[in-house]
Amino acid sequence: MQFIADIRDYPWRNLFAGILPARLQPKTAQIVPSASIAGNALTVVIAIMSFLACLTAGAVYMVNQSAEAWVKDISSEITVELDPVNTADIEKKMTLVSLFLAKQAGVTRVKPLTAEDSAKLLEPWLGHSEALSALPIPRLIAVEIDRSNPPDIKSITEALSQNFEGVTLDDHRRWRAEIRTLTRSAAAGGFAVLVLVAAATVAVIVSATRSAMASNREIIEVLHFVGANERFISREFERHFVGLGVRAGLVGAVSAALVFLLLPVAMHVLGGEPATATEMSRLVGSGELDLKGYLLCMLVVFVIACLCMITSRLGVIRVLKSYA
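Residues numbered from 1 in each chain as written. Predicted model: local features only at pLDDT ≥ 70, side-chain atom pairs only at ≥ 80, totals over all residues. Heavy atoms only, no water.

Caption draft 1: Region of the structure containing the overall build of the protein chain. Scanning the protein chain from terminus to terminus reveals 11 helices and four strands. Here the analysis covers contacts within the protein chain between residues at least 6 apart in sequence; of these, 86% occur between residues at least 24 apart. Approximately 19,300 Å² of the protein chain is accessible, and the part contributed by carbon and sulfur atoms is 63%. (Helix = DSSP H or I, 4+ residues; strand = E, 2+ residues; numbered from the N terminus. Contact = heavy atoms within 4.5 Å. Areas by Shrake-Rupley, 256 points an atom, 1.4 Å probe, with all protein chains shown as cover.)

Caption draft 2: Highlighting a nonpolar patch on the surface. A cluster of nonpolar residues, Leu250, Leu291, Leu295 and Met298, forms a patch on the protein surface that exposes about 390 Å² of accessible area. A total of three residues in the nonpolar patch trace back to one element, the largest contributor, which is helix 11 (residues 291-323). (Patch = residues over 30% accessible without salt bridge, like charges linked within 9 Å, V, L, I, M, F, W, Y side chains within 5 Å. Salt bridge = Lys/Arg side-chain N within 4 Å of Asp/Glu carboxyl O.)

Caption draft 3: The arrangement of the packing of helix 7 (residues 173-215) against helix 8 (residues 217-225) in detail. The geometry of helix 7 relative to helix 8 is characterised by a closest axis approach of 4 Å and an angle of 70 degrees between their N-to-C directions. Looking at the two axes, helix 7 sits roughly perpendicular to helix 8. Packed against helix 7, whose contacting residues are Met213, Ala214 and Ser215, the element helix 8 presents Arg217, Glu218 and Ile220 at the interface. Tallied by class, residues from the contact of helix 7 with helix 8 come to three nonpolar, one polar and two charged. (Axes fitted to C-alpha atoms, helices over the stretch in contact; angles between N-to-C directions. Parallel < 35°, antiparallel > 145°, perpendicular 65-115°, else oblique. Nonpolar A, V, L, I, M, F, W, Y, C, P; charged D, E, K, R; others polar.)

Caption draft 4: Seen up close, the pairing of strand 4 (residues 167-170). Covered by surrounding structure in strand 4 are Val167 and Leu169 only, the residues Thr168 and Asp170 on the alternate face being uncovered. Bridge count between strand 1 (residues 77-82) and strand 4: four bridges; the pairing is antiparallel. If you follow Leu82 over to strand 4, its bridge partner there is Val167. (Buried < 20%, exposed > 50% of the residue type's maximum accessible area, 1.4 Å probe, protein only. Pairing = 2+ DSSP bridges.)

Caption draft 5: Spotlight on the side chain of Ser50. You can see Ser50 is positioned in helix 3 (residues 40-75). With near-sequence residues (within four places) excluded, Ser50 lies in contact with Ala248, Gly249, Gly252, Ala253, Val300, Val301 and Ile304.

Caption draft 6: Structural detail: the sheet that holds strand 1. Judged by pairing direction, the sheet is antiparallel, and its four strands sit side by side in the order 2-3-1-4 without closing on themselves. Only two strands of the sheet have a single neighbouring strand rather than two, namely strand 2 (107-112) and strand 4. Strand after strand, the sheet turns through a mean of 20 degrees between neighbouring axes, direction not considered. Sheet analysis places strand 2 next to strand 3 (residues 139-145), joined by five bridges and oriented antiparallel. By the bridge assignment, Pro112 is partnered in strand 3 with Ile141. Running over the sheet, helix 6 (residues 153-163) touches strand 1 and strand 4 and is turned about 165 degrees from strand 4.

Caption draft 7: A look at helix 6. Three or more residues of helix 6 are buried, namely Ile153, Ile156, Ala159 and Leu160. Buried residues along helix 6 cover an arc of 130 degrees about the axis, so they all sit on one side. Structural note: helix 6 exposes Lys154, Ser161 and Gln162 on the side pointing more than 90 degrees away from its buried face. If you follow the buried residues of helix 6, they end up packed against strand 1, helix 4 (90-102) and strand 4. (Arc of directions from axis to C-beta.)

Caption draft 8: Structural context of the pairing of strand 3. For strand 3, a buried count of six out of seven residues is recorded, marking the element as mostly surrounded by other parts of the structure. One ladder, built from six bridges, connects strand 1 with strand 3; its direction is antiparallel. Counted as the bridge partner of Glu77 is Glu144 from strand 3.

Next up, the structure:
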């Protein structure tokens, strides 16, 4: 109950007033001069930390969204591969296998790929060449499945091996596992970067708090003398640091948003070879960040403001106890 009472009695209006620029803040007397706390160097450092945190969070979100879309896409399709070697009439075999697959329960569409379609799948890596027509390229059949009522993949695989020679079925399970592993690795790396950014931000705020306390020691001693408690003094510092954190965090978030807005253009200009552009597109999609991604950047600003508030409060109380 004491915690709820503290939240209710907290001077939120004064705290939010500290977020405004100095010229827009109410013309009230400030016990702790803002010029002695909100240094330009501290603002730049927190803005850079916010920029890096927003870039990391946005990149991880973008990779995760692209991976989820890729997994969803390949989960709704299986691929049947026909070996063209030692097959007299590959087109007839393609027709028979396609008719067999179309009769299976849970299969919604069967699409045999022509030899030209199979060759085009290799063009991003091998380039466009007439020599591809001389290669024994495996023939493929794309099979769309009903995800709400999927077929029995194991029984279909056994039936294909018994009735048709040189036919294999790929349910893309290995690819899904690799995509999820990549997504988890990217998320773990992004989380590690965010932890490092948060630790650096806390260290900077602690240093700035001690510096501000040292430069305003006479004021703090006078406040103690007239009966001000630790909570009252810490709130004065919280006001300055929260405003500083929000303003610097917004600068970093807006800068990161501009980077994400320009990312599709940069990917198009710096795409390089077709294979590289294809792989980059599959990894991060179109390179555009949706509304949820930009809201995630705003969440980063909120977290940075909370770090500034909590760190400055704890730092002030700790220094005040050392004075006592």
